[in-house]
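So the chains spell out like this:
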Amino acid sequence: MTPLEILAAAINGQPAPRIPVFCNLLDQGARELGMSQKEYYSRGENVAEGQLRMRARYGYDNVWSLFYVGKEVELLGCREILFDDNGSPNVADFVIKSYDDIAKLEIPDDLTAHPAWAETAKCLKILKDEVGATHSLCAYLTASSTLPALLMGMEKWMELLMMGPADVRDELLRKCSDFYHKEVAAFRAAGANVLVYSTPFGSTSFVGMKRFQTFSLPWMKRDLEPGGVNNIVYYCGMAPFNNVIDQVRKELGIGVYYLSPMADLAEAKAIVGQQGLTCGVIDDIKMIHWTPEETRAEVKRLCEIGKPGGHFLFGTGVMPLSIPEANIHAMLEAAFEYGSYA
Amino acid sequence: MLDAIIKAYKEAVFETDKEAAFEIVNRALTEGITAEEIVFKVVIPAVEEMMSLIVKDPDANLAQHFMTAQIAAEVTEKMLEKFQHPPEIIGRVVIGTAYGDLHSLGKRIVMGCLKALMVEVVDLGVNVPAERFVDEALAHDAQVIAISAMMVHSANGENGCRKVRQILQERGLEARLRIVVGGAPYRFDSNLYKSVGADAWAGDGVSAGKVIVDLIHEVKKS
C-alpha cells in the first residue's frame, strides 16, 4: 500500500500493514541545502527540495507546503519576517498597528494572483509532481480566530478580543474568515490533500468553555461551512483539547484530531473512537535532551496506547532544529516498528 | 462589608469581568474603604488566589491569565493615585523577551501581576540581547532578571538565558541576581529551565508573580 492508501485505511478502519507516520522537518530543509533560512524560504523550489530530501531520508508519509507560520500574512501585506538560522522565523512587521488599520485591511479577491502565493504554488506543484500520487501533501491554514494574532501580535489581539470594541473585533474576524475561505480553496485547487486547520482558540487552554462555545465555535463554523471539512485536521497549536472533541465533531463534523503532546492520548482515542482518526503527537521539545533510547521508549508508549483498534496516526509537534539527528532517526524507526500491524 | 467586597471582586476576576471588578472597587471607595485596603486586602489576595487556582484548575486558560493581570494592574494603578503615602516596594525586576523572539503577551501578564504585588518592573521590550538584561538589572538595582521566550530556539539557544547566565558568571554577579524564565517551551519540558541556567521557571504569567516574589526575598536574605 502507498502511504496515501495507509492513511485512508487508518481513517476508514480498514486493514493496513502499519499506522500512518507523519513528521514536519521544516527548518531542517535549509540546513540540508546548506542555505540560510532567508535564502531557503525565498523560493518555492528550495522548500520543495528540502521537503523531498527530508522525506527521502527518513521515509515518513507526508510532505509540507508550509514555509513558516506567518507566511499567510504576507498575502495580507506583512513586509518583514525575522529569520534566525537557529530556529523558526517570526513575524516582524504587524499589518495591523492600530484599530484604524482593520478597516483598511483588504482581502485579495484572488489569492493565487498575489506575488506572495507564487512561491507556495511552485512548492506545491513540485511536491505534487514528485510524490503527490503516493504521499500526503500537507497545508497549514490559520483559523479566523487566530489569524489576528499574526496580523497584530497576540498581545494586541487578546486586548481587542477581551476588552476592545465588539464591532471592530468582528470586522477583523469576518475579514480573516473570508481570507480562510479563499485560502482553503486555493490550497485544495493546488493539490493539498491534508489541510491542517490551526485553531488554538479552539482549545479551552486559550479561552474558557463559555467563550469557546459562544466565540470560537461560531467563528470556526463560519470558516469551515462553505468549503466543508473534507481532509480538514483539527489542531490547536500544541494546546490540549480532549474536552471539546465531542462538540467539535457534532457542530463542525471534523473527524481527524491532531492532539497536543500534553493530551491524555487514551482518553482522546476513546472519545474519537472508530468515527475518525486520532493523531498521537510526541513531545518533541523533550527530544532535544532525550537519548535515542528515551525517544524510542516514548514512541513505543504512544503506539501501544493508540494503535489497538486502528484509527490512529503517529505525528510530531514543532520538531525544533536542535533535536539531534540520532533522535529523529530513533523516533521514526520506532514509529514504523511499533506502528506495524504485522 | 469588606468580606463581601473581597468575595465579589474575586468572582469578577475569575469571570474575567473587568467592568464588574471596577464597579466593586468604586462602590467600596464610596462606602469608605481606603485605597490601601483595596490593594492589600482585596486586589493582592485575589491575585494570590488566582495563582493557586490556576495551578490547580485544569480549565484555567490564557484569557483568564490575561484578564487577571490586566484587572490587577489597572485597579492598582488607580488606587495608588489615592494612597496617603507611597507603598513600600518589595523589590525590582527587569523583564524582557529573549533575543530573537518578538512575542510580548506572556511578559505583559507577568508585569500586570507584579505591579499589583508591589514589585517594581522595568520593561525592556522584545528581542532583548543578553548583555542588556544584565546591564539594565544592575542599572536599576534589580534582584531578578525575567526572560520570556515563546520559541524553542529563543528559550534553548545560545543567545537567550544561557548567555545571561554566562555573563552573570563572568562578572561575578550570581549572588545578587536571580534568573527566571517562562514561555511555552518550558511547559513542554519542565527540566529545560535548568539546562539553560535559570534559577526558576513559571508555567504561566500569573504564577510567575509568586515565583519572582520568592526569588526577590531569596536575594534580599542572602
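Conventions used here
Residues numbered from 1 in each chain as written. Chains lettered and ligands numbered in written order. Predicted model: local features only at pLDDT ≥ 70, side-chain atom pairs only at ≥ 80, totals over all residues. Heavy atoms only, no water. Domains from an automatic or database assignment. Contact = heavy atoms within 4.5 Å. Salt bridge = Lys/Arg side-chain N within 4 Å of Asp/Glu carboxyl O. Polar contact = N/O pair within 3.5 Å; in protein donor to acceptor, adjacent residues only side chain to side chain. Nonpolar A, V, L, I, M, F, W, Y, C, P; charged D, E, K, R; others polar. Buried area = accessible area lost by both parts, 1.4 Å probe. Helix = DSSP H or I, 4+ residues; strand = E, 2+ residues; numbered from the N terminus. Buried < 20%, exposed > 50% of the residue type's maximum accessible area, 1.4 Å probe, protein only. Pairing = 2+ DSSP bridges. Axes fitted to C-alpha atoms, helices over the stretch in contact; angles between N-to-C directions. Phe/Tyr/Trp six-rings, centres within 6.5 Å; stacked < 30°, edge-to-face > 60°. Lys NZ or Arg CZ within 6 Å of the ring centre and 35° of its normal. Core = buried A, V, L, I, M, F, W, Y, C linked by side-chain atoms within 4.5 Å. Expected span 1.5 Å × (residues − 1).

## Remarks on the domain arrangement of chain B
It is common to give the size of an interface as the accessible area lost on bringing the parts into contact.
Residues and elements named next belong to chain B.
Link 1 in the chain: By the assigned domains, chain B splits into domain 1 (2-80) and domain 2 (91-221).
Link 2 in the chain: Each of domain 1 and domain 2 was reduced to a C-alpha centroid, and the two centroids are 25 Å apart.
Link 3 in the chain: With 20 residues of domain 1 at the interface, the matching set in domain 2 holds 14 residues.
Link 4 in the chain: Between the two partners, domain 1 and domain 2, sit 0 salt bridges.
Link 5 in the chain: Across the domain 1-domain 2 interface, the total number found is 1 residue pair in polar contact (both at pLDDT 80 or more).
Link 6 in the chain: In terms of residue class, the side of domain 1 that touches domain 2 is built from 15 nonpolar, 4 polar and 1 charged.

## Concerning the interface of chain A and chain B
Link 1 in the chain: Taken together, the contacts link 35 residues of chain A with 29 residues of chain B.
Link 2 in the chain: Of all residues in chain A, the largest losses of buried area upon contact with chain B belong to E155, M163 and I285 of chain A, amounting jointly to 23% of the total for that side.
Link 3 in the chain: Our enumeration of links across chain A and chain B arrives at 2 salt bridges.
Link 4 in the chain: Two residues, E159 of chain A and R108 of chain B, come together in a salt bridge whose shortest N-O distance is 2.4 Å.
Link 5 in the chain: Where chain A touches chain B, the interface holds 9 residue pairs in polar contact (both at pLDDT 80 or more).
Link 6 in the chain: Secondary-structure elements contributing two or more residues to the side of chain A that touches chain B are β2 (81-84), β3 (87-91) and α9 (154-163) of chain A.
Link 7 in the chain: Here the side of chain A that touches chain B takes 7 residues from α9 of chain A, the largest share from any one element.
Link 8 in the chain: For the side of chain A that touches chain B, the per-class residue count stands at 17 nonpolar, 11 polar and 7 charged.

## Focus on the pairing of strand β5 (residues 194-198) of chain A
All names here are of chain A.
Link 1 in the chain: Within β5, 5 of the 5 residues are buried, which leaves it mostly tucked inside the rest of the structure.
Link 2 in the chain: Because side chains alternate across β5, one face comprises the buried residues V194, V196 and S198, and the other comprises L195 and Y197, equally buried.
Link 3 in the chain: Judged from the 5 bridges that link them, strand β4 (residues 136-142) and β5 form a sheet pairing that is parallel. What sits directly across from T142, in β5, is S198.
Link 4 in the chain: Inspection of the sheet shows β5 paired to strand β6 (residues 232-235) by 4 bridges, in the parallel sense. Pairing of S198 across the sheet is with Y235, part of β6.

## As for the pattern of salt bridges
Link 1 in the chain: In the structure shown here, the tally under the stated rule is 38 salt bridges over all chains.
Link 2 in the chain: A salt bridge links R165 of chain B to D199 of chain B; the nearest nitrogen and oxygen atoms lie 3.0 Å apart. Taken as a pair, R165 of chain B in helix α8 (residues 161-170) and D199 of chain B in the loop between α10 (192-195) and β5 (200-202) lie far apart in primary sequence, 34 residues in all.
Link 3 in the chain: Taking the relative accessible area as the measure of exposure, R165 of chain B reaches 11% and is therefore buried.
Link 4 in the chain: A network of salt bridges, in which partner residues are shared, links E32, E49, R53, R57 and E325 of chain A.

## Quick look at the sheet that holds β5 of chain B
Residue and element names in this part refer to chain B.
Link 1 in the chain: Ordered in space as β2-β1-β3-β4-β5, the 5 strands form an open sheet in which the pairing is parallel. The open sheet has two edge strands, β2 (119-123) and β5, and neither has a second partner. Put simply, the sheet's adjacent strands are angled 25° from each other on average, direction ignored.
Link 2 in the chain: Summarising the sheet, strand β3 (residues 144-148) and strand β4 (residues 178-182) pair through 5 bridges and their orientation is parallel. Of the residues in β4, the one forming a bridge with I147 is V181.

## Overview of the packing of aromatic side chains
Residues and elements named next belong to chain A.
Link 1 in the chain: Applying the stated rule across the entire model yields 16 aromatic pairs over all chains.
Link 2 in the chain: Note on Y41 and Y68: the rings are 5.1 Å apart at their centroids and 85° apart in plane angle, and the pair reads as edge-to-face. Residue Y41 is located in the loop between α3 (37-40) and α4 (44-58), and its partner Y68 is located in the loop between β1 (62-64) and α5 (71-74); the two are separated by 27 residues in the primary sequence. Take Y41 and Y68: they sit in the same class, and that class is buried.
Link 3 in the chain: Ring centres of Y234 and F241 lie 5.1 Å apart, and the angle between their planes is 75°; on these two criteria the pair is classed as edge-to-face.
Link 4 in the chain: Members of the aromatic cluster, connected to one another through ring pairs, are Y40, Y41, F67, Y68 and F83.
Link 5 in the chain: Here the basic side chain of K307 rests over the ring of Y341, its NZ or CZ set 5.5 Å away from the ring centre.

## Side note on the environment of L277 of chain A
Residues and elements named next belong to chain A.
Link 1 in the chain: Mapped onto the fold, L277 is located in strand β8 (residues 277-281).
Link 2 in the chain: For L277 and L33, which are 244 residues apart along the polypeptide, the C-alpha to C-alpha distance reads 34 Å.
Link 3 in the chain: Leaving out residues up to four positions away in the same chain, L277 has contacts with L7, A10, I11, G255, V256, Y257, V272, H311, F312 and L313.

## With respect to the nonpolar core
Link 1 in the chain: Formed by 183 residues in total, the largest nonpolar core has its most connected members in L151, W157, L172 and Y234 of chain A together with Y9 of chain B.
Link 2 in the chain: The element that contributes the greatest number of residues to this core is helix α3 (residues 35-56) of chain B, accounting for 11 residues.
Link 3 in the chain: Two domains share this core, each providing at least three of its residues, namely domain 1 (2-80) and domain 2 (91-221) of chain B.
Link 4 in the chain: One finds V94, I147, L173 and V196 of chain B within the second-largest nonpolar core, a separate group that totals 27 residues.

## Focus: helix α4 (residues 62-80) of chain B
Residue and element names in this part refer to chain B.
Link 1 in the chain: An ideal rise of 1.5 Å per residue puts 27 Å on 19 residues; α4 measures up with 27 Å between its terminal C-alpha atoms.
Link 2 in the chain: When you tally the buried positions in α4, you get 15 out of 19 residues, the bulk of the element.
Link 3 in the chain: Structurally, the start of α4 carries an N-cap: the backbone nitrogen of A63 is 3.2 Å from a side-chain oxygen of N61.

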